[in-house]
Amino acid sequence: GARTPAGERLFYASSSCGVCGKNAISALRVRAPVVSSSLTVTATRLGELPERLRAAQPMFARTGGVHASGIFGSDGTLELAREDVGRHNALDKVIGWALAQGRLPLTDRLLVVSGRVSYELVQKAIAAGIPLIAAVGAPSTLAVDLAEQFAVTLVGFVRDGGMNVYSHGERVT
């Protein structure tokens, strides 16, 4: 048979969803209503929230190696923060708490996450009825598409006094 020359690597690269391999939003069904909320937040207040979340992260302070998700009121009050090595797990803990408290849907609250925003994080936020996601890092293209489709405000790179609003910017005043 054919031999691969020494040092040559064969690999397959794709930009599809890392979990399921689907490469189009249309193939990824989200069974949830479009998020409906009258929540608004000022850009100034939004810019303060990642630091408030960081202040509520005891593990991060010790290790620098964990992610956090926090639920905030539009007035900037931190209601709940959870940490985990996995971004998804931190969000699952927050949504699980809200579910156990009978608080879903969280249409009057916003979510702040410490890292990047993946499609799956937006999917979970939609299922919980969360109208605004703010992140310190970047969102994926699929995350932006999904947020746009489900009327979720998605804000990335919230740091150093700046931010990028990717979808439904009418909630950021």
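Refer to the structure above for everything that follows.
What counts and what doesn't
- Residues numbered from 1 in each chain as written.
- Predicted model: local features only at pLDDT ≥ 70, side-chain atom pairs only at ≥ 80, totals over all residues.
- Heavy atoms only, no water.
- Pairing = 2+ DSSP bridges.
- Helix = DSSP H or I, 4+ residues; strand = E, 2+ residues; numbered from the N terminus.
- Axes fitted to C-alpha atoms, helices over the stretch in contact; angles between N-to-C directions.
- Contact = heavy atoms within 4.5 Å.

Student: Tell me about the sheet that holds strand S3 (residues 109–113), residues and numbers included.
Tutor: With respect to topology, 6 strands assemble into an open sheet ordered S2-S1-S3-S4-S5-S6, the strand pairing being mixed. Of all strands in the sheet, those bounded by a partner on one side alone are strand S2 (78–84) and strand S6 (162–167). Strand after strand, the sheet turns through a mean of 20° between neighbouring axes, direction not considered. Where strand S5 (residues 153–159) lies against S6, 4 bridges are found, and the strand directions are antiparallel. Each residue of the ladder has a partner; that of valine 155, found in S6, is valine 165. Contacting strand S1 (67–73), S2 and S3, helix H3 (residues 87–100) crosses the sheet at an angle of about 140° to S2.

Student: Run through the environment of valine 30, naming residues and quoting values.
Tutor: When you line up the elements, valine 30 lands in the segment before helix H1 (43–55). Between the C-alpha atoms of valine 30 and alanine 127, which are 97 residues apart in sequence, the distance is 8.2 Å. Those residues in contact with valine 30 that sit more than four places away from it in its chain are Tyr119, Gln123, Ile126, Leu146 and Phe150.

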